[in-house]
Amino acid sequence: MAALGYVFESQTDTEVIAHLIHHHMAQGRDLLAALQAAVKELTGAYALAVLSRREPDRLACARMGCPLLVGLGEGENFVASDVSAIVAATRRVIFLEEGDTAELTRGAVRVFDADDREVAREVHVSGVSLASLELGPYRHFMQKEIHEQPRAIADTIEAAIDAGGFEPALFGANAEAVLGGIAGVQILACGTSYYAGLTARYWIEAIAGLPCSVEIASEYRYRDAWADPRHLIVTISQSGETLDTMEALKYAKSLGHRHTLSICNVPESAIPRASELVCYTRAGAEIGVASTKAFTTQLAALFQLTVVLGKLHGKVNAEQEADYLEQLRHLPGSIQHALNLEPQIQVWAERFAGKQNALFLGRGLHYPIALEGALKLKEISYIHAEAYPAGELKHGPLALVDAAMPVVVIAPNDRLLEKVKSNMQEVRARGGELFVFADHGTATSANRKACT
Ligand code: F6R
């Protein structure tokens, strides 16, 4: 572009694209045709909405790898990456497909496929509620979403509770045949969704008796993975639009995996649309930047998947199923109990505010929970945090522990509690400050802080 005389004010790819579109308009194309010509020269993922001073009543947009939708209003139309941005104005939306471009004026919308042929895409009516987009009494959306967890979990398990059991139909019409015929599970996801998958592995292997591997989607998609077509591919994604997860799903299919299931929070997003079976979590709109209620609703969905698999593979009997259902029924109440600890957590947060680093420890299925805790702390407070399986402490990380290093321990009253207690002793011996999440009634000791 520089060779054509364009002067750059930034080093962003967005500016390159703007100049490229301008270049095509200078050859006599209108805005849409210039955009269509420009995207053919692009590689990678983009979601573009373009305006030109020459055609101020027209908007052209293009999508590849990133979410983009068109909202259809009365005498007005919209482009957005998420329904929540436009739901106050309209609920009627068209989800653009990979390679699509579109042209919008106040009165009309035209959509074109990757070959620039005009196409009719389905119009969806979004069910996102306006109330879910308002802050209410909360200070920020992350706080609101944390407090929405009891409701979000109750909604996600509602169908199982109403049915009085875990039916394969929770995952789609054909789920019984598909889930009953698989020989294992391969979970693919990113970030927090990956940690939900890591947690589920403990359940799927222990309760359903099936082998389960979990892999970060951005790693899986670029390696020569070994594929067993009898294994079910489970993708987990709040947004349903994460490019690495979508590409990992495509790659798994190309390796011969025939059966795919998506656990997702956003209906009609790309990943569930590309999957054979779907389970929608019902967390509601996620506005806050960090996943909170999305994570716990994913866990609720994955637990339901585990019990369904256990039933279909003869590992869960009717009595155990009833017991799991009863435990699930109490989950929203237990979460509310944990949320009532907020004042105590605020006191802890003030002690953390001045720290540079933190360690999170857990064992068994609480190790992925520790990973998620460390991710949340670094993402939201910019404090460096790492998580370890508590048994790994003595193999290196213990060297980092001193009075300046807060150590958060997840220590529920399970069969690993005594092991975790001895790990806490190692921290104490090095003068580390312990912050312990334990079950109510678990014995506490003088020099640690505990949330029960
Ligand atoms: C962390 C967080 C991210 C997402 C990750 C995957 O708080 O939000 O780590 O979990 O980007 O996103 P989804 O689940 O939409 O595929």
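Before reading on, note that the structure itself is shown above.
Since the structure is predicted, the reported quantities are computational estimates derived from the model, not experimental observations.

Thresholds, definitions, all that
Residues numbered from 1 in each chain as written. Predicted model: local features only at pLDDT ≥ 70, side-chain atom pairs only at ≥ 80, totals over all residues. Heavy atoms only, no water. Core = buried A, V, L, I, M, F, W, Y, C linked by side-chain atoms within 4.5 Å. Buried < 20%, exposed > 50% of the residue type's maximum accessible area, 1.4 Å probe, protein only. Helix = DSSP H or I, 4+ residues; strand = E, 2+ residues; numbered from the N terminus. Contact = heavy atoms within 4.5 Å. Pairing = 2+ DSSP bridges. Disulfide = S-S within 2.5 Å. Axes fitted to C-alpha atoms, helices over the stretch in contact; angles between N-to-C directions. Phe/Tyr/Trp six-rings, centres within 6.5 Å; stacked < 30°, edge-to-face > 60°. Expected span 1.5 Å × (residues − 1). Near = heavy atom within 4 Å. Polar contact = N/O pair within 3.5 Å; in protein donor to acceptor, adjacent residues only side chain to side chain. Areas by Shrake-Rupley, 256 points an atom, 1.4 Å probe, with all protein chains shown as cover. Nonpolar A, V, L, I, M, F, W, Y, C, P; charged D, E, K, R; others polar. Salt bridge = Lys/Arg side-chain N within 4 Å of Asp/Glu carboxyl O.

A.B. asks: Describe the nonpolar core, and please don't skip the residues or the numbers.
C.D. replies: Counting residues in each nonpolar core, the largest one holds 61 residues, and the members touching the most others are Leu179, Ile187, Val234, Leu261 and Phe360. With ten residues, the single largest contributor to this core is helix H10 (residues 293-312). Excluding residues that lie within four positions of it along the chain, Ile187 makes contacts with Gly197, Ala200, Ile204, Cys212, Ser213, Val214, Glu215, Val234 and Ile236.

A.B. asks: Got a sec to walk through the pairing of strand S7 (residues 109-112)? Specific residues and values, please.
C.D. replies: Regular strands place side chains that alternate from one sheet face to the opposite one. As paired strands, strand S6 (residues 101-104) and S7 are joined by four bridges and run antiparallel to one another. The partner of Glu103 across the bridge, within S7, is Arg110. Here S6 folds back onto S7 in antiparallel fashion, the turn holding four residues. In the sheet, S7 pairs with strand S8 (residues 118-119) via two bridges, with the strands oriented antiparallel. Bridge pairing links Val111 to Val119 in S8. Taken together, S7 and the strand that follows it, S8, pair antiparallel across an intervening segment of five residues, in which Asp116 is found at a positive phi of about 65 degrees.

A.B. asks: Give a detailed account of the sheet that holds strand S9 (residues 124-125), specifying residues and quantitative values.
C.D. replies: Spatial ordering of the open sheet is given by S4-S3-S5-S9, a layout of four strands whose pairing is antiparallel. The open sheet has two edge strands, strand S4 (77-80) and S9, and neither has a second partner. The pairing of strand S3 (residues 69-72) with strand S5 (residues 92-95) spans three bridges and is classified as antiparallel. If you follow Gly71 over to S5, its bridge partner there is Val93.

A.B. asks: Quick rundown of unusual backbone geometry? Include the residues and the values.
C.D. replies: With the exception of glycine, the majority of residues adopt a negative phi angle, and the majority of peptide bonds are in the trans configuration. Of note, Asp116 is a non-glycine position whose phi angle comes to about 65 degrees, a positive value. By secondary structure assignment, the location of Asp116 is in the loop between S7 and S8. Of the residues examined, Asp116 reaches a relative accessible area of 31% and is grouped as partly exposed. Not every positive phi belongs to a glycine, and Tyr382 is a case in point at roughly 65 degrees.

A.B. asks: Describe the state of the cysteines, and please don't skip the residues or the numbers.
C.D. replies: Across all of its chains, the model carries zero disulfides by this definition. For the unlinked cysteine Cys66, the closest cysteine sulfur is that of Cys61, found at 13 Å. When its relative accessible area of 25% is taken as the criterion, Cys66 is described as partly exposed. There is no disulfide at Cys264, and the cysteine sulfur nearest it, in Cys279, is 9.9 Å away.

A.B. asks: Describe the sheet that holds S8, naming the residues involved and giving the relevant values.
C.D. replies: Taken together, five strands build an open sheet; the order of strands is S1-S2-S6-S7-S8 and the sheet is antiparallel. The open sheet has two edge strands with one neighbour each: strand S1 (46-52) and S8. Lying on the sheet, helix H2 (residues 31-39) is in contact with S1, strand S2 (55-64), S6 and S7; it crosses S2 at an angle near 25 degrees.

A.B. asks: I'd like to hear about the packing of aromatic side chains, residue by residue, with values.
C.D. replies: In total, this model carries seven aromatic pairs according to the counting rule given. Plain terms: the ring middles of Trp203 and Phe303 are 5.2 Å apart, the flat faces sit at 80 degrees to each other, and that makes the pair edge-to-face. With a gap of 100 residues between them, Trp203 in helix H6 (residues 191-208) and Phe303 in helix H10 connect regions that are remote in the sequence. Grouping residues by exposure puts Trp203 and Phe303 together as buried. Here the aromatic rings of Trp348 and Phe437 are separated by 5.2 Å at their centres, their planes lie at 70 degrees, and the arrangement is edge-to-face. One end of the pair, Trp348, is in helix H13 (residues 342-352); the other, Phe437, is in strand S18 (residues 433-438), and 89 residues separate them in sequence. Since its relative accessible area comes to 8%, Trp348 is described here as buried. Judged by its relative accessible area of 33%, Phe437 is partly exposed.

A.B. asks: Help me get a handle on helix H1 (residues 13-26), residues and values and all.
C.D. replies: Because each turn of an α-helix spans 3.6 residues, side chains separated by three or four positions end up pointing in the same direction. Taking 1.5 Å of rise per residue, the 14 residues of H1 would be expected to cover 20 Å, and the 20 Å separating its terminal C-alpha atoms lies within 8% of that figure. Those residues of H1 lying buried are Glu15, Ile17, His19, Leu20, Ile21, His23, His24 and Met25. Buried residues belonging to H1 abut H2, S1 and S2. The first or second residue beyond H1 is Gly28, which carries a positive phi of 105 degrees.

A.B. asks: An account of the site of the ligand is needed here, citing residue identities and associated values.
C.D. replies: Not every one of the 14 residues close to the ligand is listed here, only the nearest: Ser193, Ser237, Gln238, Ser239 and Thr242. Within the contact set of the ligand, an oxygen atom lies 2.5 Å away from a side-chain nitrogen or oxygen of Thr242. Protein contacts shield 81% of the accessible area of the ligand, which totals 410 Å² for the unbound molecule. Where the shell around the ligand is concerned, the elements lending two or more residues are H6 and helix H14 (366-381). Across the shell around the ligand, the residue classes tally to four nonpolar, eight polar and two charged.

A.B. asks: Tell me about the side chain of Glu55, and name the residues and values.
C.D. replies: Relative to the helices and strands, Glu55 is located in strand S2. Those residues in contact with Glu55 that sit more than four places away from it in its chain are Met25, Asp30 and Leu31.

A.B. asks: Quick one: what's the story with the pattern of salt bridges, residue by residue and with numbers?
C.D. replies: Side-chain pairs of opposite charge can arise where the charged atoms are in close proximity. Summed over the entire model, instances satisfying the criterion amount to 27 salt bridges. Arg117 is the partner of Asp113 in a salt bridge, and the nearest nitrogen-oxygen pair spans 3.2 Å. Overall, the relative accessible area of 12% leaves Asp113 in the buried class. Notably, a salt bridge pairs Lys311 with Glu321, separated by 3.0 Å at the nearest N-O pair. Residue Lys311 is located in helix H10, and its partner Glu321 is located in helix H11 (residues 318-329); the two are separated by ten residues in the primary sequence. What emerges from the salt-bridge pattern is a single network uniting Glu55, Arg58, Glu103, Arg110 and Glu118.

A.B. asks: Run through the environment of Tyr46, naming residues and quoting values.
C.D. replies: Take Tyr46: it is sitting in strand S1. Counting along the chain gives 20 residues from Tyr46 to Ala26, while the straight-line C-alpha distance between them is 23 Å. Those residues within four positions of Tyr46 in sequence are excluded, and the remaining contacts are Val39, Ala62, Arg63, Met64 and Cys66.

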